[in-house]
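Chain by chain, the residues:
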Amino acid sequence: MDRSISRNPHSVIEGMIIGAYATGASEGVIYVRAEYPLAIKHLTIAIRHAHDLGLLGSNILGSGFNFNISVVRGAGAFVCGEETALIRSVEGRTGEPRQRPPFPIERGINGNPQ
């Protein structure tokens, strides 16, 4: 949440680095609603500090692991908490939910849906 970024942005960055290392991700995105300028400021400073310490960027601490974080400022719409609206907002479009395609039904041994 945006308020936790204001209070301790380093813990958010640390969690993202650990998660990225575990999953092999090389990029992370933090979406902050534009109505929280203090959170954006604190987060930007913390990301700069992490880069300066060698905790973000290329070859982190000589490990060969690369990871960067970018900050995306959202329009402040509450609806962007919904996954498809969030993705649209990060892409620079209006944060509106879109219909998801139907997911396949898993069938059991006897052919009936589980």
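What counts and what doesn't
Positions within a chain are numbered from 1, following the residues in the order the chain's sequence is written. Side-chain atom pairs in this predicted model are given and counted only at pLDDT of 80 or more, local residue features only at pLDDT of at least 70, and totals for whole chains, interfaces and linings cover all residues. Note that water and hydrogens are dropped before the side-chain values are worked out from all heavy atoms of the structure. In this description, a nonpolar core means a group of buried Ala, Val, Leu, Ile, Met, Phe, Trp, Tyr and Cys residues linked to one another through side-chain atoms lying within 4.5 Å. To sort residues, take the accessible area from a 1.4 Å probe on protein chains only and compare it with the maximum for the residue type: under 20% means buried, over 50% means exposed, and anything in between is partly exposed. Only runs of H or I of at least four residues qualify as helices and only runs of E of at least two qualify as strands under DSSP, and these elements are numbered from the N terminus. Should any heavy atoms of two residues lie within 4.5 Å, those residues are considered in contact. Residues enter patches when their relative accessible area tops 30% and they take part in no salt bridge; the joining distance is 9 Å for like charges and 5 Å for the nonpolar side chains Val, Leu, Ile, Met, Phe, Trp and Tyr. All accessible-area figures derive from a Shrake-Rupley calculation using a 1.4 Å probe, and residue coverage is judged against the displayed protein chains alone. A carboxyl oxygen of Asp or Glu within 4 Å of a side-chain nitrogen of Lys or Arg is what we treat as a salt bridge. Under this definition, polar contacts are N or O atom pairs within 3.5 Å; protein pairs additionally need one hydrogen-donor-capable and one acceptor-capable atom, and for neighbouring residues in sequence, both atoms have to be side-chain atoms. pLDDT is a per-residue confidence score from the predictor, ranging from 0 to 100. By definition here, a helix of n residues has an expected span of 1.5 Å times n minus one. Note that the arc is computed from the directions linking the helix axis to the C-beta atoms.

Visitor: Run through the nonpolar core, naming residues and quoting values.
Guide: Counting 18 residues, the largest nonpolar core has I13, I30, V32, L43, L56, F67 and I69 as its most contacted members. When residues of this core are traced back to their parent elements, those giving at least two are α2 (9–23), β1 (27–33) and α3 (37–52). The element best represented in this core is α3, accounting for six residues. Excluding residues that lie within four positions of it along the chain, I13 makes contacts with L43, A46, I47, A50, L56 and I69.

Visitor: Run through a nonpolar patch on the surface, naming residues and quoting values.
Guide: On the surface, L53, L55 and L61 cluster together into a nonpolar patch covering about 320 Å² of accessible area. Within the secondary structure, L61 sits in the loop between α3 and β2 (68–74).

Visitor: Kindly report on the environment of N66, identifying the contributing residues and their values.
Guide: For N66, the location among the structural elements is in the loop between α3 and β2. Spatially, the C-alpha atom of N66 lies 9.2 Å from that of G24, the residues being 42 residues apart in sequence. N66 has contacts with A25, S26, G57, S58, N59 and I60, leaving out every residue within four places of it along the chain. At 2.6 Å, the side chain of N66 and the backbone nitrogen of N59 are in polar contact.

Visitor: Describe the confidence of the model for the chain, listing the residues and the values that go with them.
Guide: Put simply, the chain has an average pLDDT of 82, and 74% of its residues get 70 or more. Mean pLDDT values for the elements of the chain range from 68 in helix α1 (residues 2–7) up to 94 in α2.

Visitor: Which residues make up α3, and what values do they have?
Guide: For α3, with 16 residues, the first-to-last C-alpha span of 23 Å sits near the 22 Å given by 1.5 Å per residue. Three or more residues of α3 are buried, namely A39, I40, L43, A46, I47 and A50. Down the axis, α3 shows its buried residues gathered within 135° of arc, on one side only. Opposite the buried face of α3, by more than 90 degrees, sit the exposed residues P37, K41 and D52.

Visitor: So what about unusual backbone geometry? Which residues, and what values?
Guide: Backbone geometry at N59 places phi at a positive 50°, although glycine is not the residue there. Tracing the sequence through the fold places N59 in the loop between α3 and β2. If you check the backbone angles, L61 has positive phi at about 50° while not being a glycine. The exposure class of L61 is exposed, given its relative accessible area of 66%.

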